[in-house]
Amino acid sequence: MKTVVTSSIKTASSFIKSGELVGMPTETVYGLGANVFDEDAVKKIFEVKKRPADNPLIVHVSTYEQIEQLVNRITPNAEKIIKNFFPGPITIVLKKNEVISNFVTAGLDTIAVRMPNLEITKNFIDACGVPVAAPSANISGSPSPTSWQHVYDDLNGKISCILKGPKCKVGIESTVVDCTSSIPVILRPGSVSVDDLRTIFPKVKISPLSQNVRVKSPGMKYKHYSPKAKVILVENSEEALKRVSNSEKKNFAFIGFEKISSARQSKIVNSPNDYAHKLFSFFRSCDEAGIEIIFCQKIEEEGIGLALMNRLQKAAHS
Ligand code: TXA
Ligand code: MG
């Protein structure tokens, strides 16, 4: 299959309308989109990504009316999130309606919905005329794509189209919040932080971010976000240098707030947001260079730091 790489929203949306898949930009990571109402197109997402069938998709909307096309009822908690954080890097989970295929939700009776905050994405969904189901546009298990070139590297020849947009500003996936219960539960941390959510829900809960969230957020149980290189979390550059063995001395990388000049690749970040913005792209460039070990500097679990540590720990333990 030839993959058309285009900046034309008209061209990209025509592929969605004809039941094909499109790699699409968002502010978090690139998504692999299909018409949510086209079951065959949705099935293709799972085939192309090699995604386990029990891992449900996020559905992307550009209007409030499109949310109503997907769910049973917009709960008061969901209304609050929509009012305060949509469009943005946050996903709400609500009870789905009967129209939505079980393939989208992996058999769950709930559906994840997000309204991205990027002009080109909004215009693209508008042009598609339907909500767009889209997981991250990587092969399952590899780091999420934060540029259209990453999507091309993973999926060239396997999908019909990539809509070219900017590099992703946020760089890690959205915060996922279950809005079906009286107190909302954060199922996956993201750049909308716990503190941000506490401004509207003082009692918001955080699901234990490990194996036991598998029922509520099936995606969290899979090997995720992991480069081929071994990832080791360290306090600082000194610890990295201590831990690198003689044999690995020439083939390690470091990302953090400091620089290691003896590392084959070293990426300095200047803030937690900058760290999130650069992380997955750094993982990919290390893999391209055949790096064996990537040392990542730990960061405080505050603000976006909680989400970053969640992704770093997953990368380190897989
Ligand atoms: O930022 C993002 O969220 C990106 C962009 C493309 O929007 N998308 C993304 O999708 O990260 P994906 O498929 O890689 O991750 C979706 C997450 C998974 O952890 C999945 O289990 C969870 O959302 N999820 C989807 N539907 C759910 C549901 N009904 N209940 C609980 N969790 C759900
Ligand atoms: Mg993903």
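Residues numbered from 1 in each chain as written. Chains lettered and ligands numbered in written order. Predicted model: local features only at pLDDT ≥ 70, side-chain atom pairs only at ≥ 80, totals over all residues. Heavy atoms only, no water.

**Remarks on the pattern of salt bridges**
Where we set the bar: A pair is scored as a salt bridge if a Lys or Arg side-chain nitrogen falls within 4 Å of a carboxyl oxygen belonging to Asp or Glu. Put simply, DSSP H or I for four residues or longer makes a helix, DSSP E for two residues or longer makes a strand, and each gets a number counted from the N terminus.
Summed over the entire model, instances satisfying the criterion amount to 11 salt bridges. As a salt-bridge pair, D126 and K122 come within 3.1 Å of each other at their nearest N and O atoms. You can see D126 and its partner K122 sitting in helix α6 (residues 119–128), four residues apart, about one turn around the helix. The residue E173 makes a salt bridge to R311 at a minimum N-O spacing of 2.7 Å. Within this pair, whereas E173 is found in the loop between β8 (161–163) and β9 (175–178), its partner R311 is found in helix α11 (residues 304–317), the two being separated by 138 residues in sequence.

**Some remarks on the packing of helix α1 (residues 9–17) against α6**
Packed helix pairs are characterised by how far apart their axes lie and by the angle those axes make with each other. The test is simple: Axis definition: a line fit to C-alpha positions, over the contact stretch in the case of helices; interaxial angles, taken between N-to-C directions, run 0 to 180 degrees. Orientation labels follow simple angle bins: below 35 degrees gives roughly parallel, above 145 gives roughly antiparallel, 65 to 115 gives roughly perpendicular, and whatever is left gives oblique. Here a crossing is called left-handed whenever its near helix is offset anticlockwise from the far helix by less than a right angle, and right-handed whenever the offset is clockwise. Contacts were defined at the residue level, with two residues in contact if any of their heavy atoms lie within 4.5 Å. Here the nonpolar group is Ala, Val, Leu, Ile, Met, Phe, Trp, Tyr, Cys and Pro; Asp, Glu, Lys and Arg are the charged ones; every other residue, Gly included, is treated as polar.
Where α1 meets α6, the closest approach of the two axes is 9 Å, and the angle between their N-to-C directions is 45 degrees. Relative to α6, the element α1 lies oblique. Considering how the two elements wind past one another, α1 and α6 form a crossing that is right-handed. Facing I9, A12, S13, I16 and K17 of α1, the residues of α6 in contact are I120, N123, F124, A127 and C128. Considered class by class, the residues forming the contact of α1 with α6 number seven nonpolar, two polar and one charged.

**A short note on empty space enclosed by the protein**
Selection rule: Here a cavity is any set of points on a 1 Å grid over the protein atoms alone where a 1.4 Å probe fits but cannot get out, and a pocket is any open set with protein on both sides within 12 Å along at least 5 of 7 lines; a residue lines the site when it has an atom within 4 Å of a point. Grid points are joined across faces, edges and corners, and a volume is the space filled by probe spheres set on the points.
This structure, assessed with the given rule, holds one cavity of 30 Å³ or more. What the largest cavity holds in volume is close to 30 Å³. Lining the largest cavity are T175, I186, P189, G190, V192, S193, V194, G303 and L306. In terms of residue class, the lining of the largest cavity is built from five nonpolar, four polar and no charged.

**Thoughts on the pairing of strand β5 (residues 90–95)**
Put simply, the test is: For each residue, the accessible area found with a 1.4 Å probe, counting protein chains only, is set against the maximum for its type, and the residue is called buried under 20%, exposed over 50%, and partly exposed in between. We call two strands paired when DSSP finds no fewer than two bridges between them.
Counting buried positions along β5 yields five of six residues, so the element is predominantly enclosed. In terms of strand pairing, β5 meets β9 through four bridges, oriented parallel. Residue pairing across strands places V93 opposite D178, the latter belonging to β9. As paired elements, β5 and strand β6 (residues 110–114) share five bridges and run antiparallel to each other. Along β6, the bridge assignment pairs L94 with I111.

**Some remarks on the sheet that holds strand β11 (residues 205–206)**
Strands sit in the order β1-β8-β2-β3-β7-β4-β6-β5-β9-β10-β11 across an open sheet of 11 strands; the sheet is mixed. In this open sheet, the two strands that pair with only one neighbour each are β1 (4–6) and β11.

**What to know about the side chain of T91**
Of note, T91 is situated in strand β5. Given a relative accessible area of 0%, T91 falls into the buried group.

**Here's the deal with the packing of aromatic side chains**
Aromatic ring pairs are described here by two measures, namely the spacing of the ring centres and the angle between the planes. Note the following rule: Aromatic contacts are taken between Phe, Tyr and Trp rings whose centres are within 6.5 Å, Trp giving its six-membered ring; a plane angle under 30 degrees counts as stacked, one over 60 as edge-to-face, and the others as tilted.
For the structure on display, the rule yields three aromatic pairs. Aromatic pair F252 and F295: ring centres 5.8 Å apart, planes at 75 degrees, arrangement edge-to-face. One end of the pair, F252, is in strand β13 (residues 252–256); the other, F295, is in strand β15 (residues 293–297), and 43 residues separate them in sequence. The burial state of F252 is the same as that of F295; both residues are buried. Arranged with centres 6.5 Å apart and planes meeting at 45 degrees, the rings of F280 and F283 form a pair that is tilted.

**What to know about the packing of helix α10 (residues 272–288) against α11**
Two elements in contact, α10 and α11, have axes whose closest approach is 9 Å; the angle formed by their N-to-C orientations is 25 degrees. Classified by the angle their axes make, α10 and α11 are roughly parallel. The two elements α10 and α11 cross, and the hand of that crossing is left-handed. Together, P272, N273, Y275, A276, L279, F280 and F283 of α10 and I304, L308, R311, L312 and A315 of α11 make up the contact between the two elements.

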